[in-house]
Amino acid sequence: MRNPTFRAFAIFAAFIALAAWGALWEWLAERHDRVAFPPPGRLVDAGGHRLHLRIEGSEKPGPTVILECGIGGATSNNWGWIEPEVASFARVVAYDRAGLGWSDPGPLPRDGRRIVAEIHRALANAGLRGPYVFVGHSYGGLLARIFTDAYPDEVVGLVLAEPSHPALFERAPAFRRAVRGIGLAVQLAPLGARLGLIRLVLPLIHTDAEVLPPAEGAAQRAFLASPSHWEGVAAELPSWRRDTSPQAAATRGFGDRPLIVLTAGSHAGGSNGWVRLQASTAALSSDHEQRLVPGATHGSIVNDRRFAVAITTAIREVVQSVRTRRPLVAR
C-alpha cells in the first residue's frame, strides 16, 4: 500500500504540471491572438493611457455617433453589425473602455464619471468634436446619462438599447444577488484564464460572439479567453452599483433631445417591471419613443443581425431629427 504522503505529493505534482501546461498553452495562444487580431482602429491617448477607437464614415456630416457597449466583457466588436451601417450616413465611433478589448488598462476606480471623461478626452485627441448622438447598450445607458450631464452642449440626441436603470439594484433583489455572484466569478476569471481554463471551455459555451460578423466574432472570442480582458471586467464591475448608478441617478435628464429607447421583446411578458424602468428612462426626454423589438434578448438586440437593424434604424431617425431640427414626435 502506498504511503498517503506520497499519494498527496503525486496529486499535488500532477496539479502543478497541469497548471504549468495550461499556463504555457495560454501564453502561446495569446501570442498568436496578438498577431491574428491587431487593433482595427486607432489607439488614442485618454490621459496617460490609450483607448482603442474605431472611427468610420469620417467623410459624412455631423452629428458624430458614439457607440457605448454594456458591461461584463463587451467590446467594440459587439457593434459589428451596426457600425458599418451607421457609417453609410454618419461619422461613427465604436470604442473599447479602458482595460477592455484593445484599450490599455486605466486608473481606478472605473466609475462612470471617469469613463466618460476618458472617452471625451480621447475623442478630442482623435480630432473629433461634437455634436454627438450617444448610443448606449445596457450599462451604456447609465454612461449616456453621465456623458450628457457632463457635456450638455455636445450631446444632441440619444439611442438607448436595453438601458440599465440607476435604481435597478434596489428594485430587483434577485438581480442584485445574481450580480454579486457574477462578481465573485469575475474576480476568479483572470486566474482561470491564465491557466487556459476559459480558453478550454469557451468552445462548449454559447456566447453572443457566435452571431457577430465573422471577423468581430473571432476577435471577441479571443478576448473572452484573455486574462487581461477579464482583469478589465473585474476592475469595472465593482463600481457599477457603488459609483456609476448613483452618479447616473444624480443627472438632470435629457431635456428635449430626441431619444429612442429600444426594449427587447423577451421582456414583454411577466410583471413588466423592466419595461417600466425602460419607460422611465425614455421619459427623461420630452421628445422620446420607446419601441419593443420582438424576439430580441438583452444581448441579441445588439449582437444578432436580425435585431441590430432596429438600433441602426433608430440611430438614422435620431440623426435625421438632429439634422432637420424636427422632433421625433409631433408636438
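As a starting point, this report considers the structure included with it. (Residues numbered from 1 in each chain as written. Predicted model: local features only at pLDDT ≥ 70, side-chain atom pairs only at ≥ 80, totals over all residues. Heavy atoms only, no water.)

### Focus: the packing of helix α6 (residues 173-194) against helix α9 (residues 227-236)
Contact geometry for α6 and α9: axes closest at 8 Å, N-to-C directions at 170°. Taken together, the axis directions place α6 and α9 in an arrangement best described as roughly antiparallel. On the side of α6, the interface is formed by Val-186, Gln-187, Ala-189, Pro-190, Ala-193 and Arg-194, while α9 contributes Pro-227, Trp-230, Glu-231, Val-233 and Ala-234. Classifying every residue of the contact of α6 with α9 by side-chain character gives eight nonpolar, one polar and two charged. (Axes fitted to C-alpha atoms, helices over the stretch in contact; angles between N-to-C directions. Helix = DSSP H or I, 4+ residues; strand = E, 2+ residues; numbered from the N terminus. Parallel < 35°, antiparallel > 145°, perpendicular 65-115°, else oblique. Contact = heavy atoms within 4.5 Å. Nonpolar A, V, L, I, M, F, W, Y, C, P; charged D, E, K, R; others polar.)

### Structural notes on the environment of Val-329
Secondary-structure assignment places Val-329 in the segment after α13 (305-324). Sequence-wise, Val-329 and Leu-277 are 52 residues apart; in three dimensions their C-alpha atoms are separated by 21 Å. The contacts of Val-329, once residues within four sequence positions are left out, are Asp-287, His-288 and Glu-289.

### Observations concerning the layout of surface pockets
Within this model, the largest pocket holds a volume of roughly 790 Å³. For the lining of the largest pocket, the secondary-structure elements that each account for two or more residues are α6, α8 (214-224), α9 and α12 (300-303). Of the residues assigned to the lining of the largest pocket, the class counts are 19 nonpolar, 14 polar and two charged. There is about 550 Å³ of room inside the second largest pocket. Gly-101, Trp-102, Phe-223, Ser-226 and Ser-228 are, among the 28 residues lining the second largest pocket, the residues nearest its centre. When contributions to the lining of the second largest pocket are tallied by element, the ones reaching two or more residues are α1 (4-36), α8 and α9. Of all the elements, α9 adds the most residues to the lining of the second largest pocket, at five residues. For the lining of the second largest pocket, a count of residues per class yields 12 nonpolar, eight polar and eight charged. (1 Å grid on protein atoms, 1.4 Å probe; cavity = no way out; pocket = protein on both sides within 12 Å on 5 of 7 lines; lining within 4 Å. Points joined across faces, edges and corners; volume = space filled by probe spheres on them.)

Nothing here speaks to function; it is geometry throughout.
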